[in-house]
There are 2 protein chains.
Amino acid sequence: MEPGPPGGSRPAERGPCLSSPLGADQAASASWLSAAGAEPGRYPLAVAAVLPAGGCGERMGVPTPKQFCPILERPLISYTLQALERVRWIKDIVVAVTGENIEAMNSIIQKYQHKRISLVEAGVTRHRSIFNGLKVLAEDQTDSKLSKPEVVIIHDAVRPFVGEDVLLKVVIAAKEHGCSDYDLEFGTECLQLALKYCHTKAKLVEGSPDLWKVTYKRDLYAAESIIKERISQEICVVMDTKEGEEHVGHLLEEVLKSEINRVKVTSGALCHAGGDLQQIILEQCYNFVCVNVMTSDFQETQKLLSILEQSNLSILYPVVVVSVHFFDFKSVPLSQKMENLMWIREFAKEVKKRNILLCGLLICYPQDEQKLQESLRQAAIIIAALIKERNSGLIGQLLIA
Amino acid sequence: MEPGPPGGSRPAERGPCLSSPLGADQAASASWLSAAGAEPGRYPLAVAAVLPAGGCGERMGVPTPKQFCPILERPLISYTLQALERVRWIKDIVVAVTGENIEAMNSIIQKYQHKRISLVEAGVTRHRSIFNGLKVLAEDQTDSKLSKPEVVIIHDAVRPFVGEDVLLKVVIAAKEHGCSDYDLEFGTECLQLALKYCHTKAKLVEGSPDLWKVTYKRDLYAAESIIKERISQEICVVMDTKEGEEHVGHLLEEVLKSEINRVKVTSGALCHAGGDLQQIILEQCYNFVCVNVMTSDFQETQKLLSILEQSNLSILYPVVVVSVHFFDFKSVPLSQKMENLMWIREFAKEVKKRNILLCGLLICYPQDEQKLQESLRQAAIIIAALIKERNSGLIGQLLIA
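The paragraphs below set out a description of the structure included in this document. Because the structure is predicted, anything quoted here is derived from the model rather than measured.

**What about the packing of helix α13 (residues 334-341) of chain A against helix α13 (residues 334-341) of chain B?**
- For the pair α13(A) and α13(B), interaxial distance at closest approach is 9 Å and the crossing angle is 120°. By the angle between their directions, the pair α13(A) and α13(B) is classed as oblique. Two packed elements cross with a definite hand, and for α13(A) against α13(B) that hand is right-handed. Of α13(B), the residues touching α13(A) (which contributes A:Leu334, A:Ser335, A:Met338 and A:Glu339) are B:Leu334, B:Ser335, B:Met338 and B:Glu339.
- For the contact of α13(A) with α13(B), the residue count by class is four nonpolar, two polar and two charged.

**A word on the sheet that holds strand β5 (residues 117-121) of chain A**
All names here are of chain A.
- Spatially, β5-β4-β1-β6 is the arrangement adopted by the four strands of the open sheet, whose pairing is parallel. Taken across any chain shown, the strands that pair with only one partner, and hence form the sheet edges, are β5 and β6 (151-154). Each strand axis lies, on average, 25° off the axis of its neighbour in the sheet, ignoring direction.
- Contacting β4 (90-97) and β5, helix α4 (residues 102-111) runs over the sheet at an angle of about 175° to β5.
- Strands in contact with helix α5 (residues 126-138) are β1 (47-52), β4, β5 and β6; relative to β1, the strand with the most contacts, it is inclined by about 150°.

**A few points about the nonpolar core**
- The biggest cluster of nonpolar side chains holds 163 residues, and the ones touching the most others in it are A:Leu256, A:Phe288, A:Leu361, B:Leu256, B:Phe288 and B:Leu361.
- In contact with B:Phe288, not counting residues within four places along its chain, are B:Cys236, B:Val238, B:Leu277, B:Ile280, B:Ile281, B:Leu304, B:Leu308, B:Leu313, B:Val319, B:Val320, B:Val321 and B:Val322.

**Details of the relation of the copies chain A and chain B**
- With an axial shift of 0.0 Å and an RMSD of 0.0 Å, the rotation relating chain A to chain B amounts to 180°. Considering both components of the superposition, the chain copies are consistent with a two-fold axis.
- Here 100% of the contact residues of chain A are again contact residues in chain B; the copies associate through an equivalent surface.

**Overview of the interface of chain A and chain B**
- Of the residues lining the interface, 32 residues belong to chain A; the matching set on chain B comes to 32 residues.
- Summing both partners gives a buried area of about 3000 Å² for chain A against chain B, and 57% of it is carried by carbon and sulfur.
- Linking chain A with chain B are four salt bridges.
- For the salt bridge of B:Glu229 with A:Lys217, the shortest nitrogen-to-oxygen distance reads 3.2 Å.
- The greatest single-element share of the side of chain A that touches chain B, amounting to nine residues, is contributed by helix α9 (residues 217-230) of chain A.
- Split by residue class, the side of chain A that touches chain B holds 18 nonpolar, five polar and nine charged.

**Focus on the environment of A:Ala53**
Residues and elements named next belong to chain A.
- By the element assignment, Ala53 lies in the loop between β1 and β2 (70-71).
- Note on Ala53: relative accessible area 3%, which makes it buried.
- Expressed as a C-alpha distance, the spacing of Ala53 and Ile130, which sit 77 residues apart in the sequence, is 9.3 Å.

**Observations regarding the pattern of salt bridges**
- The final tally for this structure, using the stated rule, is 28 salt bridges over all chains.
- Between A:Glu389 and A:Lys388 there is a salt bridge, and its shortest N-O distance comes to 3.7 Å.
- We classify A:Glu389 as buried; its relative accessible area is 5%.
- Accessibility expressed as a relative area gives 41% for A:Lys388, which makes it partly exposed.
- Here B:Arg377 and B:Glu374 are joined by a salt bridge, their closest N and O atoms 3.4 Å apart.

**Thoughts on the pairing of β5(A)**
All names here are of chain A.
- In this structure, β4 lies alongside β5, joined through five bridges in parallel fashion. Within β5, the residue paired with Val95 across the bridge is Leu119.
- Note that the unit made of β4, α4 and β5 has a crossover that is right-handed.

**Concerning the sheet that holds strand β11 (residues 356-364) of chain B**
Residue and element names in this part refer to chain B.
- One open sheet accounts for six strands, arranged β8-β7-β9-β10-β11-β12; its pairing is parallel. The outermost strands of the open sheet, each flanked by one partner alone, are β8 (264-269) and β12 (398-400). Averaged over neighbouring strand pairs, the angle between their axes works out to 25° when direction is ignored.
- One ladder, built from nine bridges, connects strand β10 (residues 319-327) with β11; its direction is parallel. Across the sheet, the residue bridging to Val320 is Leu357, located in β11.

**Considerations on the side chain of B:Ser232**
Residue and element names in this part refer to chain B.
- On the secondary structure map, Ser232 appears in the loop between α9 (217-230) and β7 (234-239).
- In this structure the side chain of Ser232 is engaged in a polar contact, spanning 2.6 Å, whose partner is the backbone oxygen of Lys228.
- Look past the residues within four positions of Ser232 in its chain and what remains in contact with it is Val263, Asn287, Ile387 and Arg390.

**Considering α13(B)**
- Buried within α13(B) we find B:Leu334, B:Ser335, B:Lys337, B:Met338 and B:Leu341. Summarising the axial view, the buried residues of α13(B) lie within an arc of 160°, below the 170-degree limit, and thus occupy one face.
- Elements in contact with the buried residues of α13(B): α13 of chain A together with β10, α14 (344-352), β11 and β12 of chain B.

**Focus: the side chain of A:Thr266**
- For A:Thr266, the location among the structural elements is in strand β8 (residues 264-269).
- Those residues in contact with A:Thr266 that sit more than four places away from it in its chain are A:Glu234, A:Ile235, A:Cys236, A:Val237, A:Glu253 and A:Ile280.

**A short note on the packing of aromatic side chains**
Residue and element names in this part refer to chain A.
- Using the criterion set out here, one finds ten aromatic pairs over all chains in the structure.
- Taking 6.1 Å as the distance between ring centres and 50° as the angle between the ring planes, the aromatic pair formed by Tyr79 and Tyr317 counts as tilted. Linking Tyr79 in helix α3 (residues 76-85) with Tyr317 in the loop between α12 (299-310) and β10 (319-327), this pair joins segments that are 238 residues apart in sequence.
- Taking the relative accessible area as the measure of exposure, Tyr79 reaches 4% and is therefore buried.
- With centroids separated by 5.1 Å and ring planes inclined at 75°, the aromatic side chains of Phe298 and Phe347 adopt a geometry described as edge-to-face.

**Quick word on the pairing of β10(B)**
Residues and elements named next belong to chain B.
- Of all the nine residues making up β10, nine are buried; the element is thus mostly covered by neighbouring parts of the structure.
- Of the two faces of β10, both are covered, the one formed by Val319, Val321, Ser323, His325 and Phe327 as well as the one formed by Val320, Val322, Val324 and Phe326.
- Here six bridges tie strand β9 (residues 287-292) to β10, and the two strands are oriented parallel to one another. Counterpart to Phe288 in the pairing with β10 is Val321.

Rules used throughout
- Residues numbered from 1 in each chain as written.
- Chains lettered and ligands numbered in written order.
- Predicted model: local features only at pLDDT ≥ 70, side-chain atom pairs only at ≥ 80, totals over all residues.
- Heavy atoms only, no water.
- Axes fitted to C-alpha atoms, helices over the stretch in contact; angles between N-to-C directions.
- Helix = DSSP H or I, 4+ residues; strand = E, 2+ residues; numbered from the N terminus.
- Parallel < 35°, antiparallel > 145°, perpendicular 65-115°, else oblique.
- Left-handed = near helix turned anticlockwise from the far one by under 90°.
- Contact = heavy atoms within 4.5 Å.
- Nonpolar A, V, L, I, M, F, W, Y, C, P; charged D, E, K, R; others polar.
- Pairing = 2+ DSSP bridges.
- Core = buried A, V, L, I, M, F, W, Y, C linked by side-chain atoms within 4.5 Å.
- Buried < 20%, exposed > 50% of the residue type's maximum accessible area, 1.4 Å probe, protein only.
- Least-squares fit on C-alpha atoms with pLDDT ≥ 70 in both.
- Buried area = accessible area lost by both parts, 1.4 Å probe.
- Salt bridge = Lys/Arg side-chain N within 4 Å of Asp/Glu carboxyl O.
- Right-handed = clockwise from strand over helix to strand, strands pointing away.
- Polar contact = N/O pair within 3.5 Å; in protein donor to acceptor, adjacent residues only side chain to side chain.
- Arc of directions from axis to C-beta.
- Phe/Tyr/Trp six-rings, centres within 6.5 Å; stacked < 30°, edge-to-face > 60°.

Written out as structure tokens, the structure is:
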């Protein structure tokens, strides 16, 4: 089976689906793949992936096989599938799991809405599992929903941080080097298995530090922290305001910008049908600070929660919402304000079912400018802590700055 | 220089300073070392350690050299020093740091009360740094506070989880194998350096998974999680009660035991001069749940805080204290109770200076048995979250279960 021709006579360019920076050579070679983005249904080079996921996780020291260990309550393998799915030119993803885990795997696929996944039964060894995966791809059945690939990527289920750039390197190497003697000499047995049974091309290419394998318990910890950090890169301050309007939310936004390092702070308005907010959600911001200034205590937060619930944002990651309320010691007693806000516990329980972590934050609003800045700074510290930890044990709490 | 004789004719036994399980061979060989514990000042085998710590942390992707990166606000190197200090038969620890970091290193030694540490200036390479460390140990100066060692352990400053068992293996191998050809053939250049310049014995021995090196940012994350987990293994429920007395704290203790997995839950009484509590502190429990039932709102918590402040417990790790208060909706309005408890913010600010993280927890105490269990279960979830995250951004908050 020979790879298809490069993408016509157009100058080589980076495809729309390539999110990582690539060298010029790679960009040129990527043109057959990027064409796929432009013309749905037509993939000049057919690429599939096989994930051996039949391991039992002995070294992890936990009863659950490591590929099913939860990170932020979602199994590790789902993160790996997500990383492969994001790459639009991978047409089919075949996962090899043991018979007893097929049902659990199907639930994972359904719950996290994974696409282009097929399951096969794992073998007794990793190689057998790969073999089983390759076999279903190689079968020439007219009723199969899988297409026969020209390049197959073998990827460990427990390497969740694989980037499109590395995958592309793999495919380019497979296409350009084919099944040379070099592969046979320096490649692993997996390569030889692919060569022997499937007449499919493969080559060993260098990875990146991100590609590391979750092996020990400490790797699970590291993976969790990396994922938490990745989804904590942006905070959106949401308020019900028209453009240019003075709003206490803008004050908070400024303090968040200066107090929280290396985090992008944006703002979104609820009032004009939430257009910019929709865009922020689409761009996958997982942290919202919602400023309530209306007479009804949770008006803005309820609007935001309903927009979030309608989106699919919280399917893959827990979304943090901090419902912010201001109070002036002199006008309303703190205790009364707090009692009004106790409803947050009920809201929080409700939205937790949809993976939204809701907390309340009461910010003291004194007349004194310096004291106000101190309150806002304290608020920023609390918001940063809630977003960093993303701990569902703290939902429904009303914190005070 | 030859190693001293084995520890007399007594049967080989595990020394009192050896906290990790050892094989019979190791235990036998350890007898020269364990004798040191029994007879202060007399070390049958003189052991020292050299820590090259002059690296600049390029791979970490952060401006601070990795050995100085903070984990729970304490620099990584301090954890490594702590691991070596715990081993009583290591007499001297020589750290090689660059000139610009000598002052910072001295502050670390002072702040975390490290003992038996000497500093030398690092060289331009790791090997030069090791050489500088070995040189001061080998010098035969009568005015030197360092003793000339028979075995020197070279240990990376960025391997904080080294256990006594591995260190012992190193020393035993060094003593038994000496400077054989095997070492020269398979050892690293560091070994040859030691052999060439210091006439000191060394050998390459196998480590354990715990011994891994903090290299990438993900390793810092993993290290932080491991440390957090290690200091969250035990929770002590503190109450002011006499033995056998019925106390609401015992109810909470039972629920903590059943709800929080893999954590030892003990209880300590404040009343009889805190004898058992002192013991728990000595055994390094870093988590306290203090139950307040006296009329004055923080009586028990204040007692506990003063005991903790007098101990040195929080020098190395942040200690979590959850100040628990019960309330009955029917007898006192929630808002009034909460207002009384707002003082916790001031206490928390004060004790944070001594590395104690104080939070308040108000537990609803309904008459209905089932509802009470639900409140206590909720309290356990919150306590577990506070202990797990150990985030100073949340101190002084009053949470509600």
